[in-house]
Amino acid sequence: MIFQLVLSVFVLVSLAVVSDGFGGGAMRPTMVKKEYRKSLVVSEFGEISAVDVCSGKKGDYHIEFMTLEPNALFLPVVLHADMVFYVNTGSGKLSWSEDGKEMKRENIKRGDVYRLSAGSVFFVQSDLVSERQKLRIYAIYSNTDEDFYEPSLGAYSSISDLVLGFDKKLLQSAFMASEDVIAEMTSAIRPPAIVHTIPEEKKSIFKELEDRFLNVLIGNQDGAFYDINNGKKKKKTKIFNIYEADPDFENCNGWSVTVGRGDLKSLRGSNIGLFMVNLTKGSMMGPHWNPMATEIAIVLQGQGMVKVVCSSNANETDCVNKRFMVEEGDVFAVPRFHPMAQMSFNNDSFVFMGFSTSTRRNYPQFLAGTRSVLQTLNRDVLALSFNVTNSTIHELLAPQNEAIILDCTSCAEEEQRVMVEEKEQERREEEARAKEEEHKREKERKRQQEEEEREREEEEKKRREEEEREQEKEEKKKQEEEERERMEEEEKKREEEERQAREKEEMERREREQREAEKKQEEEQQRQEEAARREQEEARRQEEERKRRQKQEEEEAARRREKEQKKEQKRQEEEAQREQEEAERQEEEERKRREEGEEEHEGGGGEKKMRISRKFWDWKL
């Protein structure tokens, strides 16, 4: 009975809560299951996944889950927004630099909480421990007007990507390095964001190179570096550990811890705080709301039920009361001014931690328990508010002996049963709506069929009327066709008569033309015969003239030949005479030589004389 009254107060008081303008009090997404995280980095040495939770007018909050295998290294990055993180399991070493100052190192372990500001350079290395427990870090990134997480840019940038984004010449000049060094860096294969850490024997060299490189990046020109573990001038950085802190509240039903700027100096200037709640079996974090902060929680252990109630001023289409079951790895968010309660089941504890988003101190307002806000109100006014008697209000508030974390045996089971019933009811309602929709569709189909039937009847009537009109048109057309045929027949007859008259006229015209043509032909023939006769006479005259000219030419040629022959004969006679004279001269000379006693030449000279004489006589003949 008391439990029912508490739940009734929880719902009714929520009607008086003022909405802060989240789209009419709308609760946008309240839970993300573990299996729906989006994967950002996956390698054999670790992985990073993330969820984006919309928790109010500031937009989405980005939460990342980093898991490093033992002896793994998350390579250096530059933060784009404030990062507040919690170490869930394992241990390791955090190295970082803020505002261009010297590098710092801090050992981190389960339960540690810390904040790194935007612009910081950091990397994380997990320990190689005997139980080989993975290092798991949960981180949230700030989302304020001054420090805004931009999804398109991501939460951070890789140092190697930033450096190697410039061309080789610029890098060589900026780092004053050789061309071979820059070439080796730019040609190397880019490693994944999480790699295996360096061997133990190379750690000292690696630390020296790491220090030199990161000091250049953060602007420590003199290269001085003081190790957080070994340097004499080290500056101690206090990292808050939830498990080492005293609970803010604790009883037999569980405990809770909150971490704010007063607990952790690095949270000053941030809008993020942390909390952790551990509910024992069958317990409940009493109904409450946050007036200044939105809660974004991650389930660390077990499972439980969460109930969230809307504001009375919320738009009913945008916001509805919700209950949902969460288990390890799930993320759920509750905006400010939305009353909530978290419950554990009877068979297991329920542990969750989370981040609160507020720039000011947040004081949760509880509805039930000894610290209930109802205890501070006048009971007469409360009675009027609930429209009940004072005794009923007294019976509601008087039995409450516990505060904040309350005993609530089987509450989670009851909420789960109601949730299942609601889902079943929703399913039945959905089926009923589906049947109603099907009934409406069937009714609509029948109406459409009737409408189609009427349309068919009207179409049939129109068709018959159209056929009658067509028939009348056909009759009229037929009559018009017959009239046209009669007129065409008369036209054809008239055209035939006209054609015959034209043919007769044409025949007479052709006969006249034929006679005229024949006459012209006769005249033309006579002209042609006369022309042929003249041509023959002209040809004969030309032939006689040709023959006469030919005869003259032949006679002239004969005379020329005769003249040439005579001329040639005279030339030959003169030539023969010259030869005769030459022969006689030679004969005379020969004779003289013979007389001189050249007997051997006598025969030869006679032969020559005889040849000359023979040639002369041949010419003569």
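Residues numbered from 1 in each chain as written. Predicted model: local features only at pLDDT ≥ 70, side-chain atom pairs only at ≥ 80, totals over all residues. Heavy atoms only, no water.

### Examining the overall build of the chain
Threshold: Here a strand is any run of E in DSSP of at least two residues, a helix any run of H or I of at least four, and the numbering for each starts at the N terminus. In this scheme, a residue with accessible area under 20% of its type's maximum is buried, one over 50% is exposed, and one in between is partly exposed, where area comes from a 1.4 Å probe on protein chains only. Per-residue and other accessible areas were derived by the Shrake-Rupley procedure at a 1.4 Å probe size, with only the shown protein chains allowed to occlude residues.
Summing up its helical and strand segments, the chain has nine helices and 25 strands in all. Counting only residues that meet the buried cut, the chain has 37% of its 621 residues in that class. On the chain, roughly 39,200 Å² of surface is accessible, and the fraction owed to carbon and sulfur atoms is 48%.

### Description of the nonpolar core
Here is the rule: Buried Ala, Val, Leu, Ile, Met, Phe, Trp, Tyr and Cys residues form a nonpolar core when they are joined through side-chain atoms within 4.5 Å. The contact criterion used is simple: two residues touch if any of their non-hydrogen atoms lie within 4.5 Å.
In terms of nonpolar packing, the biggest core is built from 55 residues, with F74, Y86, L94, F122, V124, L274 and M353 touching the most fellow members. The greatest single-element share of this core, amounting to six residues, is contributed by strand β11 (residues 135-141). Non-local contacts of L274, meaning those with residues more than four positions away in its chain, are made with V84, F85, Y86, V113, V257, T258, V259, L267, M353, G354, F355 and S356.

### Details of unusual backbone geometry
Phi angles above zero are rare outside glycine, and F337 is one such case at about 65°. Among the structural elements, F337 can be located in the loop between β21 (331-334) and β22 (340-344). Among the residues examined, F337 registers a relative accessible area of 18% and is labelled buried. Even without being glycine, I404 reaches a positive phi, approximately 65°. Within the element layout of this structure, I404 appears in the loop between α7 (390-397) and β25 (405-407). The buried category is assigned to I404, whose relative accessible area is 9%.

### Remarks on the state of the cysteines
Spelled out, the test is: For this text, the term disulfide refers to a pair of cysteine sulfurs within 2.5 Å.
By the definition in use, this model includes one disulfide. Paired through a disulfide, C408 and C411 show a sulfur-sulfur distance of 1.5 Å. Every disulfide takes its handedness from the sign of the S-S torsion; for C408 and C411 that torsion is -85°, giving left-handed. Accessibility classification places C408 together with C411 in one group, the buried group.

### Some remarks on the pattern of salt bridges
Filter applied, for reference: Definition used for salt bridges: Asp or Glu carboxyl oxygen within 4 Å of a side-chain nitrogen of Lys or Arg.
Scanning all chains against the criterion turns up 55 salt bridges. For the salt bridge of E483 with R486, the shortest nitrogen-to-oxygen distance reads 2.3 Å. Taken as a pair, E483 and R486 lie in helix α8 (residues 411-595) at a separation of three residues, close to a single helical turn. Looking at E483, the relative accessible area reads 36%, which means it is partly exposed.

### A few points about the sheet that holds strand β2 (residues 38-43)
What counts is decided by this rule: Note: two strands are recorded as paired if DSSP finds a minimum of 2 bridges between them.
Strands sit in the order β2-β3-β4-β11-β6-β9-β14 across an open sheet of seven strands; the sheet is antiparallel. At either margin of the open sheet sits one strand with a lone partner, and together these are β2 and β14 (240-241). Where strand β9 (residues 112-116) and β14 come together, two bridges link them in antiparallel fashion. By the bridge assignment for β14, V113 is matched with F240.

### Thoughts on the packing of helix α3 (residues 168-175) against helix α4 (residues 179-187)
Put simply, the rule reads: The angle between two axes is taken between their N-to-C directions and runs from 0 to 180 degrees, where each axis is a line fitted to C-alpha atoms and a helix contributes only its stretch in contact. Between 65 and 115 degrees an angle is taken as roughly perpendicular, under 35 as roughly parallel, over 145 as roughly antiparallel, and anywhere else as oblique. What makes a crossing left-handed is the near helix being turned counterclockwise from the far one by less than a right angle; a clockwise turn instead makes it right-handed. Under the scheme applied, nonpolar residues are Ala, Val, Leu, Ile, Met, Phe, Trp, Tyr, Cys and Pro; charged residues are Asp, Glu, Lys and Arg; polar residues are all the others, including Gly.
Running from amino to carboxyl end, α3 crosses α4 at an angle of 125°, the nearest separation of the two axes being 10 Å. Compared by their axis directions, α3 and α4 come out oblique. In the crossing of α3 with α4, the sense of the turn from one axis to the other is right-handed. Facing α3, whose interface residues are K168, L171 and Q172, α4 presents E179, I182 and T186. Of the residues in the contact of α3 with α4, the class split is two nonpolar, two polar and two charged.

### With respect to the packing of aromatic side chains
Definition in use: Here a pair means two rings of Phe, Tyr or Trp (six-membered ring of Trp) with centres within 6.5 Å. Their orientation is stacked below 30 degrees between planes, edge-to-face above 60, and tilted elsewhere. Here, a charge over a ring means that NZ of Lys or CZ of Arg falls within 6 Å of the ring centre while also lying within 35 degrees of the ring normal.
Across all of its chains, the model carries 11 aromatic pairs by this definition. Here a set of aromatic residues connected by ring pairs shows up, and it is made of F275, F324, F332, F350 and F352. In this arrangement the basic side chain of R110 is found over the ring face of Y243, its NZ or CZ atom lying 4.0 Å from the centre.

### Considering the packing of helix α6 (residues 379-386) against α7
Orientation of α6 relative to α7, taken along the N-to-C sense of each, is 105°, at an axis distance of 9 Å. As judged from the angle between their axes, α6 and α7 are roughly perpendicular. Taken together, the residues of α7 that come into contact with α6 (itself represented by R379, D380, L382, A383 and F386) are N390, I393, H394 and L397. Residue composition of the contact of α6 with α7, by class: five nonpolar, two polar and two charged.

### Some words on the environment of R132
Following the sequence through the fold, R132 ends up in the loop between β10 (121-126) and β11. Judged by relative accessible area, which is 52%, R132 ranks as exposed. On a C-alpha basis, the gap between R132 and G90 in space is 8.3 Å, while along the polypeptide they are 42 residues apart.

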